[in-house]
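Summary of the model geometry
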Amino acid sequence: MSSARLTTLRESGRRMGVVGLGAAAVLGLVTAPAHAASWSSSLTGVSPGFESRRWYDSGGTTTIKFTGCSTDGSVSVTNVTLRKDTVGPDPSYVRASFTQCHASSTSTSTGSWSDHGSGDYYFAVNEGATGIRLTVKSLTVSY
């Protein structure tokens, strides 16, 4: 094979490689999987109707976990409602009743909500209750 033909084949192969890598990179950007996110915090003496910080969810399941719940009374249930921050009245989704987290400082209650589309979300605790102050040793929101 002549050296001119070999050089032409090498150049052609290099171009195909560059085009192939470029296409793979673009395809990777388009089909990259969504990454789950989360944040953690605690609550100290919050009143009924307390609203958590907002977070942006691009879609998917939301899981809220409370560990070590206590109240300033004899109440042993905490109602947690996922809400979507919208213009006008915020829609609320199924309320989860957290009871296990009241058993001890290391006991955990978890609630999961299915995909309600992208948007800003928050949770509210004990909406409609009166006079109950809630403390949660640790909480995690995964979305």
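Here's a quick rundown of the structure.

What counts as what
- Residues numbered from 1 in each chain as written.
- Predicted model: local features only at pLDDT ≥ 70, side-chain atom pairs only at ≥ 80, totals over all residues.
- Heavy atoms only, no water.
- Disulfide = S-S within 2.5 Å.
- Helix = DSSP H or I, 4+ residues; strand = E, 2+ residues; numbered from the N terminus.
- Buried < 20%, exposed > 50% of the residue type's maximum accessible area, 1.4 Å probe, protein only.
- Core = buried A, V, L, I, M, F, W, Y, C linked by side-chain atoms within 4.5 Å.
- Pairing = 2+ DSSP bridges.
- Axes fitted to C-alpha atoms, helices over the stretch in contact; angles between N-to-C directions.
- Phe/Tyr/Trp six-rings, centres within 6.5 Å; stacked < 30°, edge-to-face > 60°.
- Lys NZ or Arg CZ within 6 Å of the ring centre and 35° of its normal.
- 1 Å grid on protein atoms, 1.4 Å probe; cavity = no way out; pocket = protein on both sides within 12 Å on 5 of 7 lines; lining within 4 Å.
- Points joined across faces, edges and corners; volume = space filled by probe spheres on them.
- Nonpolar A, V, L, I, M, F, W, Y, C, P; charged D, E, K, R; others polar.

1. Remarks on the state of the cysteines
Using the criterion set out here, one finds 1 disulfide in the structure. Each disulfide pairs two cysteine sulfurs, and for C69 the partner residue is C101, the sulfurs being separated by 2.1 Å. In this structure, the disulfide formed by C69 and C101 twists by about -100° around the S-S bond and is classed as left-handed. In this pair, C69 sits in strand β3 (residues 62-71) while C101 sits in the loop between β5 (92-98) and β6 (108-113), placing the two residues 32 residues apart along the sequence. You'll find C69 and C101 in the same group, each marked buried.

2. Points about the nonpolar core
The biggest cluster of nonpolar side chains holds 22 residues, and the ones touching the most others in it are F66 and F123. Elements represented by at least two residues in this core include exactly β1 (38-46), β3, β4 (78-85), β5, β7 (119-125) and β8 (134-142).

3. Looking at the sheet that holds β8
Strand order across the open sheet formed by 4 strands is β1-β8-β3-β6, with antiparallel pairing between neighbours. Only two strands of the sheet have a single partner each, and these edge strands are β1 and β6. The sheet shows a mean angle of 20° between the axes of neighbouring strands, taken without regard to direction. Pairing of β1 with β8 involves 6 bridges; the strand directions are antiparallel. In the strand pairing of β8, L43 is matched with V136.

4. Thoughts on the packing of aromatic side chains
Applying the stated rule across the entire model yields 5 aromatic pairs. Taken together, the ring pairs in this structure connect W39, W55, F66, F98, F123 and Y143 into an aromatic cluster. Its end group placed over the ring of Y122, R54 keeps NZ or CZ at 3.7 Å from the ring centre.

5. Here we look at the sheet that holds strand β2 (residues 55-57)
The strand order β2-β7-β4-β5 describes an open sheet built from 4 strands, whose pairing is antiparallel. In the strand order of this sheet, the two ends are held by β2 and β5, each with one partner. For this sheet, the mean angle separating the axes of adjacent strands, direction not counted, is 35°. Bridging between β4 and β5 involves 5 bridges; their strand directions are antiparallel.

6. A closer look at empty space enclosed by the protein
Across all of its chains, the model carries 1 cavity of 30 Å³ or more by this definition. As a volume, the largest cavity reaches approximately 30 Å³. Across the lining of the largest cavity, the residue classes tally to 2 nonpolar, 5 polar and 2 charged.

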